[in-house]
Amino acid sequence: MGKDIRYSIIIPVYNEEAVLEQTYQRLKQVLTSIGEPYELIFVNDGSSDRSVPLIKGFCDRDQSVKLISFSRNFGHQVAITAGMDYSTGAAVVVIDADLQDPPELILKMIAKWKEGYEVVYAKRNHRDGETFFKKQTAHLFYRLLRASTDIDIPVDTGDFRLIDRKVCNVLKQLPEKNRYVRGLVSWVGFRQTAVEYDRDARLAGESKYPLKKMIKLCVDGLTSFSFKPIKLASYSGALLIALGLVYLVFLILFKLLGDTIGGWNLVLASELVLSGFVLTMMGVMGEYVGRIYDEARNRPLYIVGESYRNEEKEKNVMKIG
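Just so we're clear, the structure is a prediction, and the values are computed from it rather than from any experiment.

Procedures and definitions
- Every chain is numbered on its own, with residues counted from 1 as its sequence reads.
- Residue-level local features of this predicted model are given only where pLDDT is at least 70; pairs of side-chain atoms are given and counted only at 80 or more, and the full residue set underlies all totals for whole chains, interfaces and linings.
- As a rule here, side-chain values cover all heavy atoms of the structure and leave hydrogens and water aside.
- By definition, any uninterrupted DSSP run of H or I lasting at least four residues is a helix, any uninterrupted run of E lasting at least two residues is a strand, and each is numbered from the N terminus.
- With residues, only the protein chains shown are counted as cover, and all accessible areas are computed by Shrake-Rupley using a 1.4 Å probe.
- When accessible area is computed with a 1.4 Å probe and restricted to protein chains, residues below 20% of their type maximum are described as buried, those above 50% as exposed, and intermediate ones as partly exposed.
- Salt bridge, as used here: a side-chain nitrogen of Lys or Arg that lies within 4 Å of a carboxyl oxygen of Asp or Glu.
- Here the aromatic set is Phe, Tyr and Trp, taking the six-membered ring for Trp, and pairing holds for ring centres within 6.5 Å; pairs whose planes are under 30 degrees apart are stacked, those over 60 apart are edge-to-face, and all others are tilted.
- Note on geometry: axes are C-alpha line fits, over the in-contact stretch for helices, and angles between N-to-C directions span 0 to 180 degrees.
- Working definition: roughly parallel below 35 degrees, roughly antiparallel above 145 degrees, roughly perpendicular at 65 to 115 degrees, and oblique for all remaining angles.
- The hand of a helix crossing depends on one turn: near helix anticlockwise from the far one by less than a right angle means left-handed, and clockwise means right-handed.
- Here a residue-residue contact requires only that any non-hydrogen atoms of the pair lie within 4.5 Å.
- Throughout this entry, Asp, Glu, Lys and Arg are counted as charged residues, while Ala, Val, Leu, Ile, Met, Phe, Trp, Tyr, Cys and Pro are counted as nonpolar. The remaining residues, Gly among them, count as polar.
- When DSSP finds two or more bridges between a pair of strands, those strands are recorded as paired.
- Take the buried Ala, Val, Leu, Ile, Met, Phe, Trp, Tyr and Cys residues and link them wherever side-chain atoms come within 4.5 Å; each set so joined is a nonpolar core.
- To estimate how far a helix should reach, multiply one less than its number of residues by 1.5 Å.
- Directions are taken from the helix axis to each C-beta atom, and the arc is the one they span.

> Looking at this structure, I do not really get the overall build of the protein chain. What am I missing?
Counting secondary structure elements, the protein chain contains 10 helices and 9 strands. For the protein chain, the computed accessible surface area is about 16700 Å², with 60% contributed by carbon and sulfur atoms.

This is the structure:
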């Protein structure tokens, strides 16, 4: 079956029981209309609700559906990676289960792929159902990341995209643990284009990217594709030294002129600023060192506790990405 698959659709799932049935039906309607072989790969990222039983029900009545279930929660980016590892299609599409990204857009992606593009990413014009804070912070992050790296990472895009099999095979060879998939897709190159759309509000359930996870995703993106935060430490340190020398010259001149300035308040304020700067830069460098340590441990990227397709089960499978 795998050799005949034309399209692999990867759907990361984390506690999405409220929307899974609608997601499955809309995806199936879209893929059936194409008239070519496909597979729906649901990747359960440690859900604690009824997501797994629901997906197994899809598997039992539909041979195109496959479930990959993690032994625990490993994260959204890792779930996407696992889906790529298990995919067999000539084209691979990543789409979240919450239906904020319309499955119908896959048809436009496939049309672009058939024109010769090897990566087709979805670019958001509007983001419905999200708070002003989330919209603005996302807007700021995408532009900060683009300004901080030499890689052309498109703004206002998520993981909703189509990639060619050759691109998928290259991504599977990239070993880093703290993955930022959309950045990796930009890094590998190939011929890329965008299709634009308006993002809908969630059909049901809650966002699986609260502020804490959004911050981690931002840090992963910045530290994976930019060394400018480290360079900032050097530039800022040099600037502080220069300001300190200029300040020292002024102190000497004022002293020669008989004036007294400063005092313990000024000294304390200067120490606080300098200490805060040093601690901040140590934190930035520590983030990079921590990632080096994480890579050096070489632990599995994820562990599959079970794969399921039409009553065929495989237990305790370990996969290293």
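> Even after reading the chapter, I still don't get helix H7 (residues 181-188), so can you show me in this structure?
Residues separated by three or four positions in an α-helix point in the same direction, a consequence of the helix having 3.6 residues per turn. Among the 8 residues of H7, 7 are classified as buried, and the element is accordingly described as predominantly covered. Turning to H7, its buried residues number three or more, namely Val181, Arg182, Gly183, Leu184, Val185, Ser186 and Val188. Downstream of H7 by one or two residues, Gly189 has phi in the positive range, about 90°.

> What's the story with the pattern of salt bridges in this structure? I'm lost.
For side chains of opposite charge, pairing can occur when their charged atoms come near one another. Summed over the entire model, instances satisfying the criterion amount to 7 salt bridges. For Glu104, the salt bridge is made with Arg26, and the minimal N-O distance between the two is 2.7 Å. Placement of the pair is Glu104 in the loop between strand E4 (91-94) and helix H4 (105-114) and Arg26 in helix H1 (residues 20-34), with a sequence separation of 78 residues. Since its relative accessible area comes to 35%, Glu104 is described here as partly exposed.

> Please clarify how the packing of aromatic side chains should be interpreted in this entry.
When we look at a pair of aromatic rings, we describe it by the centre distance and by the angle of the planes. For the coordinates displayed, the defined rule picks out 5 aromatic pairs. Pairing Tyr24 with Phe58 gives two aromatic rings, centres 4.4 Å apart and planes at 10°, and the pair type is stacked. Of this pair, Tyr24 sits in helix H1 while Phe58 sits in helix H2 (residues 51-61), placing them 34 residues apart in sequence. Ring plane angle 85° and centroid distance 5.4 Å describe the contact between Phe70 and Phe74, whose orientation is recorded as edge-to-face.

> Is there a simple way to think about the packing of H1 against H2 in this case?
Any two packed helices are characterised by the angle at which their axes cross and by the distance between the axes. Close contact between H1 and H2 brings their axes to 10 Å; oriented N to C, the two are set at 30°. It follows from the interaxial angle that H1 and H2 lie roughly parallel. Once H1 is placed against H2, the crossing between them reads as right-handed. When H1 is examined against H2, the residues Leu20, Glu21, Tyr24 and Gln25 are found in contact with a partner set consisting of Ser51, Leu54, Ile55, Phe58 and Arg61. Of the residues in the contact of H1 with H2, the class split is 5 nonpolar, 2 polar and 2 charged.

> What's the story with the environment of Ile10 in this structure? I'm lost.
Note on placement: Ile10 falls in strand E1 (residues 7-13). Taking the relative accessible area as the measure of exposure, Ile10 reaches 0% and is therefore buried. Sequence separation between Ile10 and Val43 is 33 residues, and the spatial gap between their C-alpha atoms is 7.3 Å. Contacts of Ile10, omitting those with residues within four sequence positions, involve Ile41, Val43, Ala79, Ile80, Gly83, Met84, Val92, Val93, Val94 and Ile95.

> I tried to follow the pairing of strand E8 (residues 302-309) on my own but got confused; where do I start?
Sheet faces and side chains relate simply in a regular strand, where the side chains alternate between the two faces. Burial analysis of E8 places 6 of its 8 residues in the buried class, which makes it a mostly covered element. In the sheet, strand E3 (residues 65-70) pairs with E8 via 4 bridges, with the strands oriented antiparallel. Counterpart to Ser69 in the pairing with E8 is Glu306.

> Is there a simple way to think about the pairing of E3 in this case?
In terms of burial, E3 is largely enclosed, as 6 of its 6 residues are buried. The alternating pattern of E3 places Val65, Leu67 and Ser69 and Lys66, Ile68 and Phe70 on opposite faces, both of which are buried.

> Where do I start with the nonpolar core in this structure?
Nonpolar side chains tend to gather and get buried jointly when the protein is soluble and globular. Membership of the largest hydrophobic core comes to 35 residues, with the highest contact counts inside it found for Ile9, Ile11, Leu40, Phe42, Ile55 and Phe160. Excluding its chain neighbours within four sequence positions, the residues that come into contact with Phe160 are Val93, Val94, Ile95, Asp101, Pro102, Leu105, Ile106, Met109, Tyr121, Ala122 and Tyr197. By size, the runner-up hydrophobic cluster in this structure holds 27 residues, among which are Val94, Val119, Val185 and Tyr302.

> I keep staring at unusual backbone geometry and nothing clicks. Help me out?
Leaving glycine aside, a negative phi is the common case for residues, and trans is the common case for peptide bonds. Backbone geometry at Leu99 places phi at a positive 65°, although glycine is not the residue there. As for its placement among the helices and strands, Leu99 is situated in the loop between E4 and H4. With a phi close to 70°, Phe190 is a non-glycine residue in the positive phi region. Along the chain, Phe190 falls in the loop between H7 and strand E7 (192-199). Accessibility expressed as a relative area gives 36% for Phe190, which makes it partly exposed.

> What am I meant to see in H1 here?
When the terminal C-alpha atoms of H1 are compared, their 22 Å separation across 15 residues agrees well with the 21 Å that a helix rising 1.5 Å per residue should span. Turning to H1, its buried residues number three or more, namely Leu20, Thr23, Tyr24, Leu27, Val30 and Leu31. Looking down the long axis of H1, one finds its buried residues gathered within 140° of arc, a one-sided arrangement. In H1, those exposed residues whose orientation departs by more than 90 degrees from the buried face are Gln29 and Ser33. In this fold, the buried residues of H1 make contact with E1, strand E2 (38-44), H2, E3 and H4. Following H1 by one or two positions, Gly35 adopts a phi angle in the positive range, close to 80°.

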